[in-house]
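Residues per chain are reported as follows:
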Amino acid sequence: RVFVIGTGRCGTHTFAAACKHITNYTSAHESPLPTHAEAWPNHHIEINNRLCWAPGLIPDASVIVWLVRDVFAVVESYKKRAGNRLGLRQLWRCVSQNPNATTEEAVWVAYDNCMRIHYAAIGAGPAPHMIDIDGQDLDRAYKLSRFWAAIGAEGDEGAFLNEFNTRHNASK
């Protein structure tokens, strides 16, 4: 099982588009969250920033990809989209457990939760199952190829890598 997490507004749509080129795994973007960790199917890639808010739903020994983006860019991107998407605003308020939370406050809570997962994985010692990918990294292609090899992916690796040259779901 593979889980791709991040703060949201960090490339999950792009990663989902890329995973369509992997033939030996199913993949989904933001599936409904199950009630327990073992409900996820084997050979499945779940790209879902909501898992940052429910880390107990990530089974042990899973491959975890942490999509990294500058936190200030994430907050600004969310703020650009907030006016048009009441559902997201309600979700942020729920996540922050503050019904009056601003978009920015709730995004910081989500970011904090993601960082807790990231540091927990690092704190567990060498984590071959944890791959962090920053959209601005010069070594992004190397890390994506490392991901491909780590999960034993089959399919069109070139097309997988090429998806990261296209912006998917960009803020207006």
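Everything that follows concerns the structure shown earlier in this document.
Keep in mind it's a predicted model, so treat the numbers as computed, not measured. (Residues numbered from 1 in each chain as written. Predicted model: local features only at pLDDT ≥ 70, side-chain atom pairs only at ≥ 80, totals over all residues. Heavy atoms only, no water.)

*Asks:* Looking at this structure, how should I read the side chain of Thr12?
*Replies:* When you line up the elements, Thr12 lands in helix H1 (residues 12-19). A relative accessible area of 6% means that Thr12 is categorised as buried. For Thr12, the side chain forms a polar contact with the side chain of His29, separated by 3.0 Å. (Helix = DSSP H or I, 4+ residues; strand = E, 2+ residues; numbered from the N terminus. Buried < 20%, exposed > 50% of the residue type's maximum accessible area, 1.4 Å probe, protein only. Polar contact = N/O pair within 3.5 Å; in protein donor to acceptor, adjacent residues only side chain to side chain.)

*Asks:* What is the right way to look at the nonpolar core in this model?
*Replies:* Counting 23 residues, the largest nonpolar core has Phe15, Ile22, Ile45, Phe147, Ile151 and Phe160 as the members making the most contacts within it. Secondary-structure elements contributing two or more residues to this core are strand E1 (2-5), H1, strand E3 (44-47), strand E4 (63-68), strand E5 (130-134) and helix H5 (140-150). Element by element, the count of residues in this core is highest for H1, at four residues. Beyond its immediate stretch of four places on either side in the chain, Phe147 contacts Val2, Phe15, Ile22, Ile45, Val65, Ile131 and Phe160. Core analysis: the second largest hydrophobic core is formed by 10 residues, Phe3, Ile5, Leu57 and Ile64 among them. (Core = buried A, V, L, I, M, F, W, Y, C linked by side-chain atoms within 4.5 Å. Contact = heavy atoms within 4.5 Å.)

*Asks:* Please clarify how the environment of Leu33 should be interpreted in this entry.
*Replies:* Structurally, Leu33 can be placed in the loop between strand E2 (26-29) and E3. With 21 residues separating them in the primary sequence, Leu33 and Ala54 have C-alpha atoms 8.8 Å apart. Setting aside chain neighbours within four positions, we find Leu33 in contact with Trp40, Asn48, Arg50, Leu51, Ala54 and Leu57.

*Asks:* I tried to follow H5 on my own but got confused; where do I start?
*Replies:* Taken together, the buried positions of H5 are occupied by Lys143, Leu144, Phe147 and Trp148. In a view along the axis of H5, the buried residues occupy a sector of 145°, so they form one face of it. For H5, the exposed residues set more than 90 degrees away from the buried face come down to Tyr142 and Ala149. Among the residues trailing H5, Gly152 stands out with phi positive, at a value near 65°. (Arc of directions from axis to C-beta.)

*Asks:* What should I look at first to understand the environment of Ile64 in this one?
*Replies:* Assignment of secondary structure puts Ile64 in strand E4. C-alpha of Ile64 to C-alpha of Arg1: the two residues are 63 residues apart in sequence and 8.7 Å apart in space.

*Asks:* What should I look at first to understand the packing of aromatic side chains in this one?
*Replies:* Describing an aromatic ring pair means giving the distance of the ring centres and the angle of the ring planes. Applying the stated criterion across every chain yields a total of seven aromatic pairs. Here Phe3 and Trp40 contribute two aromatic rings whose centre-to-centre distance is 5.4 Å and whose plane-to-plane angle is 75°, an arrangement assigned as edge-to-face. On the criterion of sequence distance, the pair formed by Phe3 in strand E1 and Trp40 in the loop between E2 and E3 is long-range, its members being 37 residues apart. Looking at Trp40, the relative accessible area reads 6%, which means it is buried. Ring geometry for Phe15 against Phe147: centres 5.3 Å apart, planes inclined by 70°, an arrangement best described as edge-to-face. With Phe15 in helix H1 and Phe147 in helix H5, this residue pair connects regions lying 132 residues apart in the sequence. Note on Phe147: relative accessible area 0%, which makes it buried. (Phe/Tyr/Trp six-rings, centres within 6.5 Å; stacked < 30°, edge-to-face > 60°.)

*Asks:* What is the right way to read H1 from this model?
*Replies:* Three- or four-residue spacings in an α-helix give side chains the same orientation, since the helix completes a turn every 3.6 residues. Taken across its eight residues, H1 has seven buried, putting it largely inside the fold. Buried residues of H1: Thr12, Thr14, Phe15, Ala16, Ala17, Ala18 and Cys19, and no others.

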